[in-house]
Amino acid sequence: MDNTRKEWLLNALLAGALFAVPLWAWLANEPFIITLATRIAILAIAAVGLNIALGLGGMVSFGHALYLGIGGYVAGIAAHHAFNGTPVLGLPGTNQMLPIWAIAMLLSGTLAGIVGALSLRTSGIFFIMITLAFAQMGFFFTLSWPAYGGEDGLPIFLRNQFPGLNTARPWEFFLLAYGVLMLTLAAFALIRAARFGAALMAIRHNPDRAAAIGISPFGIKLVGFILSGMITGLAGALMADLTRFVSPAMMAWTMSGELIVIIILGGVGRLFGPVAGAAILVGFEVFFGGLTEHWKLWLGLVLLAVVLFARGGLIGLIAGRGQHG
Amino acid sequence: MADPVLDLRGLSKSFGALKATDDVSLSLRAGEIHALIGPNGAGKSTLMALVSGKTRPDAGSVWLQGQDITPLSTPQRARAGLGRSFQVSSLIPDYSALRNVMLAVQARQGHSYRFLRPVMRDAGLREEARSYLERVGLAPRASVEAAVLSHGERRLLEIALALALRPKCFLFDEPMAGLGASGTADLIPFLRALKADAPILLVEHDMDAVFQLADRISVLVTGRIIASGNAAEIRGNAQVRAVYLGEDA
């Protein structure tokens, strides 16, 4: 069986399992499992976003928690004002997910554009540090913003709504997150296979060569970075609705690190790498977190093993190197 | 006589106290192969970097078909019609030979901001890319990853990439390097035919190939052009024999 077919089978298996397990939990009335699956789906969406920048474009952003946090705060602030019936910036609050998502993506995309424009002139460790610095600025800004809870965070009393669904029910909210994940994955696959993806990957492999055939690296990378931030921002809005709470911790550098860890565990640049990685991370948190509070030590060892012996992550381990045609 | 296709006018570049390029003027006319030779450290790489736009000159200018392209970046120069090949084959190793060339076709068309249509189903892109592979004789190896191709095949793929840009002039940086005698013998008639498409500025170490191919030869030593002329003139030039060919023998 060739690697491409293996990867598609593995992808189908992952997509099927992420659907079947919560389906079983719903039938067996185990809402906690459904919530775990929802968390995996939402983390995976955030990591799909980062996978565009990191996996396709080779841009190691150590500040993607910034966009996750922006999405989270958009959901939180909109719900807060809708609940209190007060306006925000002259607009009414809303408890509808669709406009919340649109604003979250717009804002995180804009900010990614600014951060990208300022940081994409650098590379390597400097790029990592600048993206981290911007995320830390966001972190400390929300920390010192008393109007929306400051360091205590902002609760969302009622989960925001989606037409035709009762999002308060774990199963229906899971379906929503799962649907968004599938759409996001489809978008990633399209981008990767299209001319834009070809240009972005060429720049990652060999910027000088790309320039010599007439591809300007800066513009392509900037657009990739913006798309990446937008998807992670969307995940942030969903994440806030899952926990019904948003706090500066969503923008903490450890969150940025977690997203990178997810991608490395799953497989950098692989379509279902974020899904596999998020499942491993959440799985570790639940199973080893129940046994010992030092579960991150074991996660660290696994990460070390992946980096040393399985550079392609879980997907690479099973399906081999990626095929590009 | 018509304007030269590529015209370097008084290019200078220093790195600290080192004058890597010292007032170099050189032209490339339609239909010719102009070879640039010189011993190691003569400044050939710096000059190539100045022409391709990787390095900015301290003084002087680069003209392409009567247009001053000195202020342009490397990608802009490529789109303006400068088809460069690299001394060290530097392709996208994970991509097949075909996809590498497709990328060059896509870049030439200037349509890299397309997000929906899969490139592998873009028949126009594929067929055009395949035609360049056919021209360099790599069509049977189209689906092989660049990383797996032999050294000689990668050199040919470099040339196919340059072809795909349909440039106004070619800039070939040691295309014969490491090809071996038979590879070089195959490439010579190919380049001789190619100069009808667009003139070639050829930087090459292989003296036999240069003397067979070049319509004009310029000799670069310590950043300066010390002689310029046809093969017979360069062979007969005492200064060239002393500093360059003498060493070689």
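No experiment lies behind these values; they were computed from the predicted model shown.

Observations concerning the interface of chain A and chain B
Counting from both sides, the interface comprises 29 residues of chain A and, opposite them, 38 residues of chain B. Summing both sides of the interface, chain A and chain B together bury roughly 2900 Å²; the carbon and sulfur share of this comes to 58%. Where chain A touches chain B, the interface holds three salt bridges. Where A:Arg195 meets B:Asp122, a salt bridge forms, and the shortest distance between an N and an O atom there is 3.2 Å. Where chain A meets chain B, there are 11 residue pairs in polar contact (both at pLDDT 80 or more). Of all elements in the fold, only helix H6 (170-193), helix H7 (195-205), helix H8 (207-212) and helix H9 (217-243) of chain A reach the threshold of two or more residues within the side of chain A that touches chain B. Of the residues forming the side of chain A that touches chain B, the biggest block, eight residues, is contributed by H7(A). Looking at side-chain class alone, the side of chain A that touches chain B contains 17 nonpolar, eight polar and four charged residues.

Some details on the confidence of the model for chain B
All names here are of chain B. Per-residue confidence for chain B gives a mean pLDDT of 89; residues scoring 70 or more make up 96%. Mean pLDDT per element in chain B: helix H9 (residues 238-248) is the minimum at 71, and strand E4 (residues 59-64) is the maximum at 95. With pTM at 0.91, the complex prediction returns an ipTM value of 0.85.

A word on the sheet that holds E4(B)
Residues and elements named next belong to chain B. The strand order across the open sheet formed by four strands is E2-E1-E4-E5, and the pairing between neighbours is antiparallel. What marks the edges here is a single partner per strand, and that holds for strand E2 (18-28) and strand E5 (67-68). Of the strand pairs in this sheet, strand E1 (residues 6-15) and E2 are connected by seven bridges, and their pairing is antiparallel. Within E2, the residue paired with Asp7 across the bridge is Ser27. Across the face of the sheet, helix H1 (residues 44-52) comes into contact with E1, E2 and E4 while running at roughly 120 degrees to E1.

Remarks on the domain arrangement of chain B
Bring the parts together and some accessible area is lost; that lost area is often taken as the interface size. All names here are of chain B. On domain assignment, one finds that chain B holds domain 1 (1-81 + 167-249) and domain 2 (93-166). Look at where the C-alpha atoms of domain 1 and domain 2 centre, and you get two points 26 Å apart. With 15 residues of domain 1 at the contact, the number on the domain 2 side is 12 residues. Counting the surface lost from both domain 1 and domain 2, the interface buries some 1000 Å², and carbon and sulfur atoms represent 67% of this. Scanning the region where domain 1 abuts domain 2 turns up one salt bridge. At the boundary of domain 1 with domain 2, the tally comes to three residue pairs in polar contact (both at pLDDT 80 or more). Of all the elements in the fold, those that place two or more residues in the side of domain 1 that touches domain 2 are strand E7 (169-173) and helix H6 (180-194). In terms of residue class, the side of domain 1 that touches domain 2 is made up of nine nonpolar, one polar and five charged.

A few points about the pattern of salt bridges
Where charged atoms from two side chains of opposite charge come close, those side chains can pair. Counted according to the given criterion, the structure contains 18 salt bridges over all chains. In this structure, B:Asp22 and B:Arg224 form a salt bridge, with 3.0 Å as the shortest nitrogen-oxygen distance. Of this pair, B:Asp22 sits in strand E2 while B:Arg224 sits in strand E10 (residues 224-229), and the two are 202 residues apart along the sequence. The exposure class assigned to B:Arg224 is partly exposed, which follows from its relative accessible area of 42%. The closest approach of N and O atoms between B:Lys195 and B:Asp215, which form a salt bridge, is 3.1 Å. Residue B:Lys195 is found in the loop between H6 and strand E8 (200-203), and its partner B:Asp215 is found in the loop between helix H7 (207-213) and strand E9 (216-221); the two are separated by 20 residues along the sequence. For B:Asp215, a relative accessible area of 31% puts it in the partly exposed group. Ionic contacts of the salt-bridge type, sharing partners, join the residues A:Arg195, B:Arg117 and B:Asp122 into one network.

Some details on helix H4 (residues 123-136) of chain B
For an α-helix, the turn length of 3.6 residues means that residues three or four places apart are oriented alike. Here H4(B) contains 14 residues, and its C-alpha end-to-end distance of 20 Å stays within 8% of the 20 Å for a straight helix at 1.5 Å per residue. Among all positions of H4(B), only B:Leu125, B:Glu128, B:Ala129, B:Tyr132, B:Leu133 and B:Val136 are buried. Take H4(B) and look down its axis: the buried residues cluster within an arc of 145 degrees, on one side only. For H4(B), exposure combined with an orientation more than 90 degrees from the buried face picks out B:Gly124 and B:Glu134. In this structure, the buried side of H4(B) is in contact with H7 of chain A together with helix H3 (97-109), helix H5 (151-164) and H6 of chain B. Positive phi shows up at B:Gly137, right after H4(B), with a value of about 80 degrees.

Quick notes on the rules
- Residues numbered from 1 in each chain as written.
- Chains lettered and ligands numbered in written order.
- Predicted model: local features only at pLDDT ≥ 70, side-chain atom pairs only at ≥ 80, totals over all residues.
- Heavy atoms only, no water.
- Contact = heavy atoms within 4.5 Å.
- Buried area = accessible area lost by both parts, 1.4 Å probe.
- Salt bridge = Lys/Arg side-chain N within 4 Å of Asp/Glu carboxyl O.
- Polar contact = N/O pair within 3.5 Å; in protein donor to acceptor, adjacent residues only side chain to side chain.
- Helix = DSSP H or I, 4+ residues; strand = E, 2+ residues; numbered from the N terminus.
- Nonpolar A, V, L, I, M, F, W, Y, C, P; charged D, E, K, R; others polar.
- pLDDT = per-residue confidence, 0-100.
- Pairing = 2+ DSSP bridges.
- Axes fitted to C-alpha atoms, helices over the stretch in contact; angles between N-to-C directions.
- Domains from an automatic or database assignment.
- Buried < 20%, exposed > 50% of the residue type's maximum accessible area, 1.4 Å probe, protein only.
- Expected span 1.5 Å × (residues − 1).
- Arc of directions from axis to C-beta.

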